[in-house]
Each structure stands twice: as C-alpha cells, then as structure tokens.
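Structural overview
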Protein chains: 2
Amino acid sequence: MPFECPIPLQTYETITLSHGGGGKLSQRLVNDLFLPYFNNRYLSQLHDGAIVPFAGGCLAFTTDSFVVSPPFFPGGNIGDLAINGTINDLAMCGARPLFLSLAFILEEGFPLKDLAEILASIRTASEVVGVEIVTGDTKVVERGKGDGIFINTTGIGEVVEYACIALRRVQPGDRVLLSGPIAEHGIAILSLREGLDFETELKSDTAPLWPLVQNMLKAGGDGVHALRDATRGGVASVLNEIAQSAGAGIVIEETEIAVREDVRGACEILGLDPLYVANEGKLVAFVAQDAAEQVLSAMRQHPLGLEAVQIGTVVSTHPGKLLLRTALGGTRIVEMMSGEQLPRIC
Amino acid sequence: MPFECPIPLQTYETITLSHGGGGKLSQRLVNDLFLPYFNNRYLSQLHDGAIVPFAGGCLAFTTDSFVVSPPFFPGGNIGDLAINGTINDLAMCGARPLFLSLAFILEEGFPLKDLAEILASIRTASEVVGVEIVTGDTKVVERGKGDGIFINTTGIGEVVEYACIALRRVQPGDRVLLSGPIAEHGIAILSLREGLDFETELKSDTAPLWPLVQNMLKAGGDGVHALRDATRGGVASVLNEIAQSAGAGIVIEETEIAVREDVRGACEILGLDPLYVANEGKLVAFVAQDAAEQVLSAMRQHPLGLEAVQIGTVVSTHPGKLLLRTALGGTRIVEMMSGEQLPRIC
C-alpha cells in the first residue's frame, strides 16, 4: 500500500461523514477494512470499475450509490446524475456502456411526482448514450430512516478493442490532460444548500463522458494510459490517488486549470479550493507524450472537451506526490483532502 | 398487462410502505410508473434478473438493495442476506453466479465493529458459492438520514447451457415444486422486532440456492421451465405473479406446504398467513410433468432441498389466479397481498 494515512482507522469507533468524502479517511476505510476482506486481482486495482472476463469478452463492471442532497439542483437531478455517473465510470475503463441496473431506496412520503420527474431524467440520460436499463429494484423505508431518495446504478460495458486503460500504465513522461473547467457540480450543490444567490446560475456539469472518451481512444489508441473522472474529492484527490498508485510524481500548472469566473467567486465565498470540489462531467487523462497532441485535438472536437488542456506531466521525482506550480512560479505539494469538505455531493 | 390493481396509482401522492412490500401496490408502481419509462425487451420480462447478450455469451444481471431492520438477526445478518439474495436471483435465471458489486450507504455513527462483522459474513457467503466481489462503493449520510446500513448487491452470472428458464415457458400441466418449509425468514425478523420469545430460536433460512438449482437443472434440463425464490410477499405473491404472467391458473395443495411447528405458532401469535411471509432460501419451480420426478429427487439429494415437495400444478382454467385446496377439501382463491404485511424484511 503506497499511502499511509496519518490517522489510523482504529482511532474511530463509528462511521463519520469523512469516511464517505473521497479523501484520506475514505481511502483508509477501503484499504484497512474492505480490502483485507475482499482482496482479489480485480478489486485490488481500485479503479472506477472492474474489468473481468466474460464469454471470451472483456467486461467492465461498476457500481455507485447516489445520495445527493437535495435531489434536484441546477443542471440536473439525482436521476441523470446517477446514470451519467455510472456511464462515466464505465467510460473510464475504456468501455462502451451497454446495460444498467437501477435500484431505489425511497423514504415513505417521497412525492410520486418527484419520482416521475427523476424517472424521466433517467430515461433521457440513458437514451443519450444508448444504454439500456434492464433490471431494477425498489425498497421503501419508514419516514426518518432515509432521505427521500437514494439511487444505486450498476453498469456493464464492453471494453473496446482499441483501448488499453489501466492505472498501472501511468508512467513518467505521460501528459496529464483535463477536459474542461472544474468545480461546477460541487459548487452548484453547495450554493443551493447554502441558499447563495449569484448573478448567474451555477449549474452542475453532469454529463455522459463516453462519447468524448470514444473520440479520445480512437485518436490515441493505446497511447491513452489511464482515465479518471474527477468526482468526490475533485481533481486534487484523483491525481493524488493516481500518483500514489503509480509511485510517480505529478506536476500540474495552476495557470492551465480553468475555473469559471462565477464558480471561482462562489469558491471564495464558501472558502473552498476548487481543486478539491467535485465534478460530474470532467475527466483527467494520462496520455503518452507522443499521443498527447492528437488526443487533445480529438477532445476539443467534442462539445464536452472544447476547453480541454494539458495541465501537467508525470515525473519520476517526488513519487506519490502531487505538485502544483503556482501562477507566481512557486511549487507546492497538494495533499489528499483530509476531512470532509462537502458531504452528500453525489 | 394481465393484472389490474383495484387501487390506481394516482390515488397516492407520495410513496407509502406498501409500495415496497412486494404486493399489489409494489406491482402497480412497477407497471404504472417504472415500465412506461423503461420498457424494453429485457426489463419487461419482470424476472428476478435480466438475461442479456454479451460477447456471444448469455449474461444474467440482477440488482437488489437490502434495508432489513434490524441488520443482525438469528441465522444471519444484512451482509450474507445481500450476497445470498443476489446469488439466488442469478440462480433463478439459470445462471452460475460469477461477479458481484457491493455498495454501502452508511449512516454517520454506525459502529465500525458491526461493519467489520458484516464484511466477514459477506466474505464467507461469497466463498460458499465461489462468487467474487470485484467492485464497490461507499457513501455516508448524516445521522437521521439513513438507518445504520443499507447494502446494494448487483450480480453477473453466466446462463448455463443446459438451462432454458423463462416465465413464459410456464404452461398448463407443469408441476409446481417447493424446496422446503416456508416463512422462516420473515418470522425470524418479526419475532426479533416484536421482542417475542419462543422456546426454540426462530432462524432466518437465508442460503445460497445456486448449488441446489444446478442439481435441478442437471437432472431436468430444459424440462425446468421457471424458477422463483419466494422472498417479499412470500409463496402466495410469487405464485400469483407467475399465474398472471403465464395467463394460466395455479392450484396448490395446502397439506403439501410445510411450515415448521414453531414458525406456525409464531405466525398465529403475530396474525400472519405463512403463505405471505418472506423466505430467503426457498424456491418454487415450474417443471414439465415428465421431468418432475427426476427434478424432485435431485432436489432431495441437496441439503437445501431435503424437504422438497410437489405442491401443485398449472391448469388452463382460472387464468391468472392462484387456488388453494385446503386441508378440509375446499378450494379458495389466494389473492396477491394487498397491503404491507411486513416492512423492511430484506
């Protein structure tokens, strides 16, 4: 295990919000509690999904529960968020999304018209990528034992033959690409929750990334080494995890990372660093140096990658660390998020 | 749609516990709200899982969320219940369980030692059948927004080549087999919840049915037409659903359906009809007349089928109805459960 959290899991007797925040304590829960029980060659890769053999094919399999509060927000709702989230986890495995399951945990008293609206969004989101919802489940819990609606989506995809995506392929010299401006989802949710009012409406960036990834893989082939969508914990947490698992350093340029003006303003008011704020439609890619230009140009030809940029490189120094070169020319280490910055963001 | 619930969905403005009970209103929610949004050739079969093509093979895919309260009960806990439940849903498709995903929604304050105990049960249950847990997710919700622990398990299985299981294959003349005595899971949970104390301990029957099903399929081949585990809503609800979807009648013999003495006693005290009480390790099978004897004898050779019996037959009269021939020789219609008999049973 390349990473040692300074806070041993044994310090805690009960689950805290930080265990679910996507930061250090989440990682500790997985490494210290879950993995010892279930370590196998698939799970131990700790990717967004598992790639397993099935009938001679290469199957990507991924699960995610969505507990976002509130369930409706500018730019989407828990329904399209759940569908896009699972589509994206499959895409990050280099897999074309094929089939989804859908499981609801509803709280007694949840309005049926809200459920219908969420179902309509789910249908629309699944149609965009042509994924089929083929099986489902519904449970109802008593009032006060849930929070309106929780959704689990689990997906099956087929790894496309021109892809070879694996975190272990990340290596010094790789270019780090980012598909667009960051922090929009988390800020949209938090502004709504805090009742903040801005001149422009801050919208979630929830979107299905498979069509963009398909373009990237067609352009870069096996020059695309690894992909991650920057959800819980934001770009900083995702890059930290990859640096740790690759045993390499990652250096990124602050000036290359775009944050929309209004999002930046909201981050300042809320006291948040956009690097740690969740995205739901942005990815980071690790691409071989000689394929980076083609992949970047393929990204920019897709609406979800218009503002794609190279933000950094993988280096052999500083193994396991993420370094930020600031606008002023300094360099600082960007740590894994330690506490719970934003609960219930997805 | 062969079945018309007398209570239109529109009567309700919000979700009630009955929407999750496995009875009429659950069926209404699926038929009137979910299916119109997602009708496709896979989902509309309304089986325990979907059977989809993948890489030239035949893949079974099924999802289930577990919200049982309390999470620990005699005979098991929410962990092995979740693993066995998904193994069983795959088995009911005639599929060998291969891979599972595991997604937790934990409430702030849930004891880590309870989580560890549940994980240990999950590992043991998955090892019994040799299924691998290959991907997972954990979310944490604030205190008061959940109920300790909810688990979603989603499974992938490979439909074995000697099976041809589909509800549409159920036809008049088919024998109805039941794998053992009923109502044990529901009664174990409810006795615990109500603080009832009996001389013997009432235990959940949670168990993985795949090894039993494998024996049945090897013995009966495509003479095994359909399989269902009798969970929420019990044997009565499951047989009603099958009668409706087959457009045939089912006649069962009360004297053939075994209920253990202590379970029967608890049902009487609690005012429950064992036919509607959930099982977590019992199945009903619809088998061609000429294969019934072999299948029954194969069942009895497995520890989970020692007490297997033929409980009835499919008839061309009374389409869509379940009829019970009572011990006294009368015949009565057994309706689909209408309300919520037992919330949070699985």
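First, a word on what this report is: a plain description of the structure on this page. (Residues numbered from 1 in each chain as written. Chains lettered and ligands numbered in written order. Predicted model: local features only at pLDDT ≥ 70, side-chain atom pairs only at ≥ 80, totals over all residues. Heavy atoms only, no water.)

Our next topic: the overall build of chain A. A count of helical and extended segments in chain A gives eight helices and 14 strands. In terms of overall size, chain A behaves like a compact globule, its C-alpha atoms giving a radius of gyration of 19 Å where 346 residues would be expected to give roughly 20 Å. For the C-alpha atoms alone, the extent of chain A along its principal axes is close to 55 × 50 × 45 Å. Counting every atom, chain A has about 12,200 Å² of accessible surface; 49% of that belongs to carbon and sulfur. (Helix = DSSP H or I, 4+ residues; strand = E, 2+ residues; numbered from the N terminus. Rg over C-alpha atoms; globule rule 2.2 N^0.38 Å. Areas by Shrake-Rupley, 256 points an atom, 1.4 Å probe, with all protein chains shown as cover.)

Residues and elements named next belong to chain A. What the seven strands build is an open sheet, ordered E9-E11-E8-E12-E10-E13-E14; its pairing is mixed. Of all the strands in the sheet, the pair left with one neighbour each is strand E9 (224-229) and strand E14 (331-333). Between one strand axis and the next, the sheet turns through 25 degrees on average, direction left out of account. Bridge count between strand E8 (residues 175-178) and strand E12 (residues 309-315): four bridges; the pairing is antiparallel. Within E12, the residue paired with Leu178 across the bridge is Val309. (Pairing = 2+ DSSP bridges. Axes fitted to C-alpha atoms, helices over the stretch in contact; angles between N-to-C directions.)

Time to look at the environment of Leu25 of chain A. Within the fold, Leu25 of chain A resides in helix H1 (residues 24-38). When the C-alpha positions of Leu25 of chain A and Val159 of chain A are compared, they lie 31 Å apart, and in sequence the two are 134 residues distant.

It is worth spelling out the pairing of strand E13 (residues 322-325) of chain A at this point. All names here are of chain A. Where strand E10 (residues 249-253) and E13 come together, four bridges link them in parallel fashion. By the bridge assignment for E13, Ile250 is matched with Leu322. The antiparallel pairing of E13 with E14 creates a hairpin that spans five residues between the two strands, and Gly329 there sits at a positive phi of about 100 degrees.

Attention shifts here to the relation of the copies chain A and chain B. By a simple turn and slide, chain A fits onto chain B: the slide is 0.0 Å along the axis, the RMSD is 0.0 Å, and the turn is 180 degrees. Taken together, the rotation angle and the small translation identify this as a two-fold axis. Among all C-alpha atoms of chain A, that of Gly146 of chain A lies closest to the rotation axis, at 2.1 Å. Mapped onto chain B, 100% of the interface residues of chain A are again interface residues, and the two copies thus contact each other with one and the same surface. (Least-squares fit on C-alpha atoms with pLDDT ≥ 70 in both. Contact = heavy atoms within 4.5 Å.)

It is worth spelling out the packing of helix H3 (residues 112-129) of chain A against helix H1 (residues 24-38) of chain B at this point. With their axes 9 Å apart at the nearest point, H3 of chain A and H1 of chain B run at an angle of 30 degrees to one another. When the interaxial angle is binned, H3 of chain A and H1 of chain B end up roughly parallel. In this structure, H3 of chain A crosses over H1 of chain B, and the sense of that crossing is right-handed. Touching Leu112, Leu115, Ala116, Leu119, Ala120, Ile122 and Arg123 of chain A of H3 of chain A are Leu29, Leu33, Phe34, Pro36, Tyr37 and Phe38 of chain B, all from H1 of chain B. Residue classes in the contact of H3 of chain A with H1 of chain B are distributed as 12 nonpolar, no polar and one charged. (Parallel < 35°, antiparallel > 145°, perpendicular 65-115°, else oblique. Left-handed = near helix turned anticlockwise from the far one by under 90°. Nonpolar A, V, L, I, M, F, W, Y, C, P; charged D, E, K, R; others polar.)

Bringing the interface of chain A and chain B into the picture now. At the interface, 80 residues of chain A touch 80 residues of chain B. In total, chain A and chain B occlude about 6,900 Å² of area from one another, counting both sides; carbon and sulfur atoms represent 69% of this. When the area that chain A buries against chain B is broken down by residue, the three leading residues are Ile15, Phe54 and Leu112 of chain A, summing to 11%. Along the contact surface separating chain A from chain B lie 10 salt bridges. Taking the shortest distance from any N to any O, the salt bridge between Glu132 of chain A and Arg41 of chain B comes out at 3.6 Å. Linking chain A with chain B are 24 residue pairs in polar contact (both at pLDDT 80 or more). At the level of elements, H1, strand E1 (50-54), strand E2 (57-66), strand E5 (95-107), H3, strand E6 (132-141) and strand E7 (149-159) of chain A are the ones that each hand at least two residues to the side of chain A that touches chain B. Looking at side-chain class alone, the side of chain A that touches chain B contains 44 nonpolar, 20 polar and 16 charged residues. (Buried area = accessible area lost by both parts, 1.4 Å probe. Salt bridge = Lys/Arg side-chain N within 4 Å of Asp/Glu carboxyl O. Polar contact = N/O pair within 3.5 Å; in protein donor to acceptor, adjacent residues only side chain to side chain.)

On to the side chain of Asp205 of chain A, then. All names here are of chain A. Residue position: Asp205 is located in the loop between helix H4 (184-194) and helix H5 (210-220). The exposure class assigned to Asp205 is buried, which follows from its relative accessible area of 8%. A polar contact of 2.9 Å, which involves the side chain of Asp205, links it to the backbone nitrogen of Glu280. Here the side chain of Asp205 touches Lys282 through a polar contact of 3.0 Å, side chain to side chain. (Buried < 20%, exposed > 50% of the residue type's maximum accessible area, 1.4 Å probe, protein only.)

The next thing to look at is the packing of aromatic side chains. Aromatic ring pairs are defined here through the distance separating the ring centres and the angle between the ring planes. Scanning the entire structure with this criterion turns up eight aromatic pairs over all chains. Seen from their ring centres, Tyr37 of chain B and Phe38 of chain B are 6.2 Å apart, and the 45 degrees between their planes marks the pair as tilted. Sitting over the face of the ring of Phe66 of chain B, Lys139 of chain A holds its NZ or CZ atom 5.7 Å from the ring centroid. (Phe/Tyr/Trp six-rings, centres within 6.5 Å; stacked < 30°, edge-to-face > 60°. Lys NZ or Arg CZ within 6 Å of the ring centre and 35° of its normal.)

Glancing now at helix H6 (residues 234-246) of chain B. Residue and element names in this part refer to chain B. Between its terminal C-alpha atoms H6 stretches 19 Å, which fits the 18 Å expected from 13 residues at 1.5 Å a residue. Of all 13 residues in H6, 10 are buried; the element is thus mostly enclosed. Along H6, the residues classified as buried are Gly234, Val235, Ala236, Ser237, Val238, Leu239, Asn240, Ile242, Ala243 and Gln244. Immediately downstream of H6, the backbone of Gly247 shows phi near 65 degrees, a positive value. (Expected span 1.5 Å × (residues − 1).)

All names here are of chain A. What the five strands build is an open sheet, ordered E1-E2-E7-E5-E6; its pairing is mixed. Looking at strand neighbours, the two that pair on one side only are E1 and E6, the edges of this open sheet. If you compare each strand with its neighbour and ignore which way they point, the axes differ by 20 degrees on average. Pairing of E1 with E2, which is carried by five bridges, proceeds in the antiparallel orientation. Paired with Pro53 across the two strands is Cys58, which belongs to E2. Running over the sheet, H3 touches E5, E6 and E7 and is turned about 175 degrees from E5.

All names here are of chain A. At their nearest, the axes of H4 and helix H7 (residues 261-270) sit 10 Å apart, and the two run at 55 degrees to each other. Considering their axes alone, H4 and H7 lie oblique with respect to each other. Two packed elements cross with a definite hand, and for H4 against H7 that hand is left-handed. For the pair H4 and H7, the contacting residues are Glu184, Ile187, Leu190, Ser191 and Glu194 in the first and Val263, Ala266, Cys267 and Leu270 in the second. When the residues that make up the contact of H4 with H7 are grouped by side-chain class, the tally is six nonpolar, one polar and two charged.

All names here are of chain B. In this fold, Phe286 is placed in strand E11 (residues 283-287). The sequence separation of Phe286 and Ile156 amounts to 130 residues, and the corresponding C-alpha distance is 23 Å. Leaving out residues up to four positions away in the same chain, Phe286 has contacts with Val170, Asp174, Arg175, Val176, Gly223, Val224, His225, Ala226, Leu239, Ile242, Ile250 and Val314.

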